[in-house]
Amino acid sequence: MRALVAMSGGVDSSVAAALMLEDGHDVVGVTLKQWEGAAGEMPTAGCCTVADAEDAGRVAAQLDMPYYVLDYVDEFRSEVVDRFGADYMDGRTPNPCIECNRTVRFRALLERTAALGCDVLVTGHHARIRRDDDGFHLLAAVDGSKDQSYVLHMLGQRELARIRLPVGEMRKDDVRRHAARLGLRTASKPDSQDLCFVRTGDYRDFLREEFPEAARPGVIVDTEGVEVGRHGGTVDFTIGQRKGLGVALGEARYVVDIEPSTATIVIGRKRELEVRGCVVEGVSFVAGAAPADRSVSVKVRYRSRPVPGVLHQDGAAWRVDFTDPQLGIAPGQAAVFYRGDEVLGGGTIARTLQSTRHPRY
Amino acid sequence: MLYLDHAATTVLRPEATEAMAALAADGYGNPSGLHGVSRRAKNVLEAARERAADLIGADHPLEIVFTGGGTEADNLAIAGRALVGGQRGGIVTVATEHDAVLETARFLATMGCDVTIVPVDRSGRVDPSAAGAAVTEGTAVVSVMTANNETGVVQPVAAVAEAVTAAAPTVPVHTDAVQAFIAEPVDVAALGVSLLSLAAHKFGGPKGVGLLYVRNGVELEPVLHGGGQELGRRSGTHNVVGITGMVAAMEATVADRNSYRHRVAAARDAFEDGLRGYVPDLVVNAPLDARLPQHSHVRFPGVGAETLLIRLDQAGIAAAAGSACHSGAIDISHVLAAMGMTAVEAGECVRFSFGWVTQSGDGPFAADIVGKVVEDLR
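Just so it is clear, the structure is predicted and the values come from calculations on it, not from any experiment.

Before going further, it helps to spend a moment on the side chain of B:His201. All names here are of chain B. Here His201 lies in the loop between β7 (195-199) and β8 (210-214). At 2.6 Å, the side chain of His201 forms a polar contact with the side chain of Thr9. In contact with His201, not counting residues within four places along its chain, are Ala8, Thr9, Thr10, Pro206 and Lys207.

In structure tokens, the structure reads:
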């Protein structure tokens with residue numbers, strides 16, 4: 001079998017390539033060039049930088065495998081970056097890493113795997129794939145603290161049949177130890193946290209540059225629409241934010257809504273941040289169909305604990321009713337449905353269902 | 001593995017290897033000193049300079065300035081002319097030049113130099129009268145490559161030089177002959193140029209060595225400042241071993257050139273003929289009567305070059321597309337864009353380049369492998 005390994009230049013994908021080689025497969029490494037400056041150079045901060053591509057190429061050479069840089073700049077711009085900006089201006093909190101997985105890695109690159117002479121696509125994601133009589137299952141990683149199954153929820157049977165995630169079976173410490181044993185230069189490299197297309201490491205700088213409207217001063221209103229203050233740009237706020245509002249109203253206030261198109265920040269009391277449910281669009285299920293038992297755990301942010309809820313089909317969308325009210329859920333983030341360790345599916349939060357109705361809505 | 005990327009760099013010629021090996025142990029002297037060790041090194045260096053001057057038809061050995069490669073030679077020719085005497089001289093060059101010329105011109109434009117880029121026609125050739133017409137009294141240098149590194153298209157350098165001289169007799173013409181030297185007769189008098197760049201590794205010499213021919217009387221501002229070697233035109237301790245290897249490779253190249261032209265052209269033509277059996281709609285991106293004999297720059301309609309090159313690598317054929325940036329990704333070539341190609345068309349082009357080690361069976365052998373991979377991808 002010949003495996004195509006998507007190498008970011010980090011330790012996880014380096015070890016993923018090494019593990020495939022150790023399993024006796026032919027391995028081809030690629031780095032996706034996703035973002036470039038005006039002169040066509042790769043970025044120097046964030047992940048997927050020139051230095052990262054150099055690291056990936058060096059690891060591939062140390063492992064004695066072919067390695068290429070593939071140009072995905074156009075796809076990445078239109079499918080990920082433009083959508084990130086448009087979603088933000090639409091008042092959402094998008095997750096561009098999920099969009100990149102959906103459209104670039106596990107669509108464009110996966111579809112090209114055979115043309116590149118390879119049988120499977122391998123990435124360094126921390127998650128596990130299992131196969132039984134029912135088909136393929138997507139499970140959380142062995143190392144729960146590094147689990148990335150949330151950002152892979154869009155994968156279905158067709159995709160999982162052609163994907164391998166070898167490091168999801170290992171604890172992160174063991175991944176690093178394995179890299180160190182092989183003498184790979186990425187062994188002690190820190191995990192990347194930043195968005196690859198954000199030069200400074202702060203997505204707000206990117207929005208200020210690319211979408212000046214996001215940095216437009218505007219008003220802060222309460223949930224009844226009464227102006228209670230002013231701000232220097234919606235870009236500085238996130239749903240659930242309590243600090244830095246510059247408004248003193250006795251009882252603590254939180255950002256409950258952001259409207260970049262009108263440069264309005266809506267603040268409210270903690271209970272006004274509570275939601276009893278949310279509507280999820282673009283839902284896919286790993287098994288190909290919704291589970292019979294609609295009681296699931298739902299993860300509404302990358303780094304949050306799953307909470308119990310019940311799924312209801314609502315036309316083309318799905319509604320999640322949380323068992324207990326939840327705080328600070330942001331439209332644009334993914335809602336991912338779990339049962340225990342297993343990812344059942346997920347989609348994008350379109351809107352939240354408030355516990356207490358705001359008069360404004 | 002069959003290496004068909006000789007235009008990127010080629011195999012060291014045995015003459016170069018031997019010349020350098022002979023100096024490797026005790027050829028360490030710095031030619032700029034006064035003692036015996038230095039004198040011996042100086043003697044080797046100046047003998048190499050005389051032979052190099054002879055091989056390109058220079059009038060005097062001191063018209064040869066040794067550099068650290070072709071890029072440096074181009075930088076010295078362009079920037080050295082534009083900045084003479086604290087001036088901001090004008091630069092006239094062509095849209096399909098190597099980045100060593102174009103990027104230098106762009107940098108100089110940010111310093112206040114006037115840069116004029118002359119277009120090419122769809123075949124990649126520049127119109128000599130257009131180059132002549134672009135010259136003004138402020139022009140410090142006109143730069144037109146002898147042959148293009150990507151497509152192999154040969155430029156009418158002598159006609160350009162004639163047109164420039166007719167327009168402004170004192171404006172020197174530079175030619176980047178880096179890609180052409182292995183195949184084309186390069187004589188500075190016949191070309192009518194005052195500046196000419198060579199890079200050793202393109203014709204079987206070592207990497208990191210080149211030269212700039214500077215016609216006697218053409219003033220240059222140095223780009224590298226320091227100890228004042230090369231009559232102040234290029235500071236830095238001489239790479240005597242590398243220079244010796246380069247000049248040995250130059251001699252071997254000139255002696256082999258006629259035979260080489262026939263060998264690589266036969267292999268290249270057999271390759272393209274064989275390829276047409278698999279790819280009837282194959283497009284050759286150069287005028288057949290004005291391209292280097294080793295270049296086969298072709299378009300496979302409907303097949304992306306990036307995927308094709310990776311599959312060819314797996315199948316044992318080393319070829320290239322566009323110009324690789326330092327990260328290794330393929331960028332759309334400015335050369336093909338200047339020839340009026342769309343981005344999609346440019347993204348379907350691959351360069352196969354044969355070399356001095358090419359064997360007669362290499363063409364048909366490569367055609368079968370490439371043809372089958374292209375068929376599989378279509």
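As a further point, take the nonpolar core. One finds B:Ile56, B:Phe300 and B:Phe352 to be the most contacted residues of the largest nonpolar core, which totals 87 residues. When residues in this core are grouped by element, the largest group, 11 residues, is from helix α8 (residues 240-278) of chain B. Excluding anything up to four places from it in sequence, B:Ile56 contacts B:Ile64, B:Phe181, B:Val186, B:Asp187, B:Val188, B:Leu198, B:Tyr213 and B:Met250. Formed by 66 residues, the second largest nonpolar core is a distinct cluster that contains A:Leu121, A:Leu138, A:Val151 and A:Cys196.

All names here are of chain A. A full pass over the atoms with the stated rule returns 8 aromatic pairs over all chains. Judged by centre distance (5.2 Å) and plane angle (75°), the rings of Phe285 and Trp318 are edge-to-face. One end of the pair, Phe285, is in strand β12 (residues 274-285); the other, Trp318, is in strand β15 (residues 317-327), with 33 residues separating them in the sequence. Take Phe285 and Trp318: they sit in the same class, and that class is buried.

All names here are of chain B. Here we have 7 strands laid out as an open sheet, ordered β2-β8-β7-β6-β5-β3-β4, and mixed in their pairing. Two strands close off the open sheet at either side, each with one partner strand: β2 (64-67) and β4 (115-118). The mean inter-strand angle of the sheet, taken between neighbouring strand axes irrespective of direction, is 20°. Judged from the 3 bridges that link them, strand β6 (residues 173-176) and β7 form a sheet pairing that is parallel. Residue Asp176 lies in a different strand from β7, and its bridge partner there is Ser197.

Cut-offs applied
- Each chain carries its own residue numbering, running from 1 in the written order of its sequence.
- In the order they appear in the text, chains get letters beginning with A and ligands get numbers beginning with 1.
- Per-residue local features of the predicted model are confined to residues with pLDDT of at least 70, and side-chain atom pairs are confined, for both listing and counting, to 80 or more; whole-chain, interface and lining totals are unaffected and use all residues.
- By convention in this description, side-chain values take in all heavy atoms of the structure and omit both hydrogens and water.
- Runs of H or I in DSSP of at least four residues are treated as helices and runs of E of at least two as strands, each being numbered from the N terminus.
- Contacts described as polar in this section are N or O atom pairs within 3.5 Å, which, within protein, must combine one atom able to donate a hydrogen with one able to accept it, while residues neighboring in sequence count only if both atoms come from side chains.
- Every residue pair with non-hydrogen atoms within 4.5 Å of one another is taken to be in contact.
- Side-chain atoms within 4.5 Å are what join buried Ala, Val, Leu, Ile, Met, Phe, Trp, Tyr and Cys residues into a set we call a nonpolar core.
- Exposure classes here rest on a 1.4 Å probe applied to the protein chains alone. A residue is buried below 20% of its type maximum, exposed above 50%, and partly exposed in between.
- Classification of ring pairs uses Phe, Tyr and Trp, with its six-membered ring standing for Trp, and accepts pairs whose centres are within 6.5 Å; under 30 degrees between planes counts as stacked, over 60 as edge-to-face, and the remaining range as tilted.
- When DSSP finds at least two bridges between two strands, those strands are taken to pair.
- Lines are fitted to the C-alpha atoms to define the axes, a helix being fitted only along its stretch in contact, and any angle between axes, read from their N-to-C directions, falls within 0 to 180 degrees.

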